[in-house]
Amino acid sequence: MKVIIAVEPTKPDIYSYSVAELEEIVVSRFNQPKFRGKQIFQWLYKGISAFQEMSNLPQEFRDRLEREFRFGHLSLIKKHISQDQTEKYLVACADHHRIEIVKMEYHHGISACLSTQVGCKMHCAFCASGKDGFFRNLTAAEMIEQILFIQAQTKKRVASVVLMGSGEPLDNFEEVSKFFQLVHDEDGLNLGYRHITLSTCGIVPKIADLAQLNIPITLAISLHAPTDEIRSILVPINRKYPIKQLLQACHDYVAVTKRRITFEYSLIQNINDSPKMAEKLAYLLQNLLCHVNLIPVNSTLADFSATKTSNVQEFQKILQSHGVNATIRRTLGDDINAACGQLKCSFNDRQVN
Ligand code: SAH
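Residues numbered from 1 in each chain as written. Predicted model: local features only at pLDDT ≥ 70, side-chain atom pairs only at ≥ 80, totals over all residues. Heavy atoms only, no water.

This part takes up the overall build of the protein chain. Assigned secondary structure in the protein chain consists of 10 helices and 12 strands. For 353 residues, the compact-globule estimate of 2.2 N^0.38 gives 20 Å, and the protein chain sits close to it at 22 Å. Evaluated residue by residue, the protein chain yields a buried proportion of 56% over its 353 residues. Taking contacts inside the protein chain between residues at least 6 apart in sequence as the whole, the part at least 24 apart equals 65%. Per element, the accessible surface of the protein chain, about 16700 Å² overall, is 50% carbon and sulfur. Distance between charge centroids for the protein chain: 1 Å, based on 40 positive and 37 negative side chains. (Helix = DSSP H or I, 4+ residues; strand = E, 2+ residues; numbered from the N terminus. Rg over C-alpha atoms; globule rule 2.2 N^0.38 Å. Buried < 20%, exposed > 50% of the residue type's maximum accessible area, 1.4 Å probe, protein only. Contact = heavy atoms within 4.5 Å. Areas by Shrake-Rupley, 256 points an atom, 1.4 Å probe, with all protein chains shown as cover. Lys, Arg positive; Asp, Glu negative; His and termini not counted. Charge placed at Lys NZ, Arg CZ, Asp CG, Glu CD.)

Structure (structure tokens):
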């Protein structure tokens, strides 16, 4: 005998829609005037947590929305606070998958480091995010909800966003593009594109797709080595898209967008931090509108040591002497494992604060 188990279909998350989509839905599905679409959208970004709080909508309409949509939200499992005021949140999505989000304080305001996937497929040698494997892409709505979550926690406006949490944003291009559209809407978070940075390990065809969006976000490339031999060990996707192809994509990106690219270079003792490597890197990046961000590698499960400060400074000087703009990134949150590459989905971490 066949046993049929009725599974209640998950209701769509109301945060996944743009104003235009909500307008279409209210008219065609609920027979409401078009302006209700914008009213709903505006409410979603006002820090409310239920349809019933949308006080300018008719009661019956609020009830219908409640029946048909999920008011997406992330629930806090655990919060870590660093000595430097960086905060890391382990949160659960509606399907109980867990992700980490980081809030950083800068003089220009709060910056949110968002995750774009649960886990990661890229297996970069020094990064913790993919160590438990890949589970699923996050939706645009879940990326928006990470920002709203930080705003609710801090009671402050998020002034900038970096897609540098767990996951590879260009491996989830569709939802990330949708996120850009939602986050930028003036009736919602109204975040300027110049306050958004997307970091990628270098999925070459998607860099071309991103250029086609032609929005003035900052593109950051996780380069980490100037030779294919070393880069393929540190960032395995390099075997598919080697440095020559990656840099060509970067040149094309700059030609289309006129935006300066950031190259992230995590310095690992005795692996990629010699003066000779700095020379090679400077040679690779000549004639490209770019900037290098040097990051002493943060400790993860992997057995890599960070380059000594004096050597980091020497590396920087060599780049600068060849006309390559280079800064040393201030590490935030490393005492709570919230620094670059230390985020994961912490599935084994069941402790609740
Ligand atoms: N998948 C994207 C974004 C996530 S990682 C990417 O690869 O760019 C954000 C940045 O942190 C990347 O430059 C990544 O290479 C770097 N990173 C990862 N692990 C690190 C570590 N242990 N120390 C320093 N930087 C690290």
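With 13 residues, helix H10 (residues 309–321) extends 18 Å from end C-alpha to end C-alpha; this agrees with the ideal 18 Å at 1.5 Å per step. Val312, Phe315, Gln316, Ile318 and Leu319 are the residues of H10 that are buried. Buried positions in H10, seen along its axis, are confined to an arc of 160° and lie on one side of it. Away from its buried face by more than 90 degrees, H10 exposes Lys317 and Ser321. Those residues of H10 that are buried lie in contact with strand E10 (261–267), helix H9 (275–284), strand E11 (290–296) and strand E12 (326–328). Remark: glycine 323 follows H10 within two positions and exhibits a positive phi of approximately 80°. (Expected span 1.5 Å × (residues − 1). Arc of directions from axis to C-beta.)

What follows concerns empty space enclosed by the protein. Enumeration over the complete set of coordinates arrives at 1 cavity of 30 Å³ or more. Roughly 40 Å³ of internal volume is contained in the largest cavity. Every residue lining the largest cavity is listed: Ile147, Gln151, Arg157, Val158, Val183, Leu189 and Leu191. Residue classes in the lining of the largest cavity are distributed as 5 nonpolar, 1 polar and 1 charged. (1 Å grid on protein atoms, 1.4 Å probe; cavity = no way out; pocket = protein on both sides within 12 Å on 5 of 7 lines; lining within 4 Å. Points joined across faces, edges and corners; volume = space filled by probe spheres on them. Nonpolar A, V, L, I, M, F, W, Y, C, P; charged D, E, K, R; others polar.)

Bringing the sheet that holds E11 into the picture now. In space, the 10 strands of this open sheet follow the order E1-E2-E3-E4-E7-E8-E9-E10-E11-E12, with mixed pairing throughout. Looking at which strands have only one partner, the edges of the open sheet turn out to be strand E1 (75–81) and E12. Ignoring strand direction, the axes of neighbouring strands in this sheet form an average angle of 25°. Taken together, the 3 bridges between strand E9 (residues 218–222) and E10 define a ladder with parallel strand orientation. By the bridge assignment for E10, serine 222 is matched with glutamate 264. (Pairing = 2+ DSSP bridges. Axes fitted to C-alpha atoms, helices over the stretch in contact; angles between N-to-C directions.)

What follows concerns the packing of helix H5 (residues 173–184) against helix H6 (residues 204–213). A pair of packed helices can be characterised by two numbers: the angle between their axes and the separation between those axes. Running from amino to carboxyl end, H5 crosses H6 at an angle of 20°, the nearest separation of the two axes being 12 Å. Judged on the interaxial angle alone, H6 and H5 are roughly parallel. Of the two possible hands of crossing, H5 and H6 adopt the one that is right-handed. Facing H5, whose interface residues are Phe173, Ser177 and Phe180, H6 presents Lys206, Asp209, Leu210 and Leu213. (Parallel < 35°, antiparallel > 145°, perpendicular 65-115°, else oblique. Left-handed = near helix turned anticlockwise from the far one by under 90°.)

Looking now at the pattern of salt bridges. Following the criterion strictly, the structure yields 15 salt bridges and no others. Arginine 70 is paired through a salt bridge with aspartate 13; the nearest N and O atoms lie 3.9 Å apart. Residue arginine 70 is located in the loop between helix H3 (59–68) and E1, and its partner aspartate 13 is located in the segment before helix H1 (19–28); the two are separated by 57 residues in the primary sequence. By relative accessible area, arginine 70 is classed as partly exposed at 27%. Take aspartate 13: its relative accessible area is 8%, and that puts it in the buried class. (Salt bridge = Lys/Arg side-chain N within 4 Å of Asp/Glu carboxyl O.)

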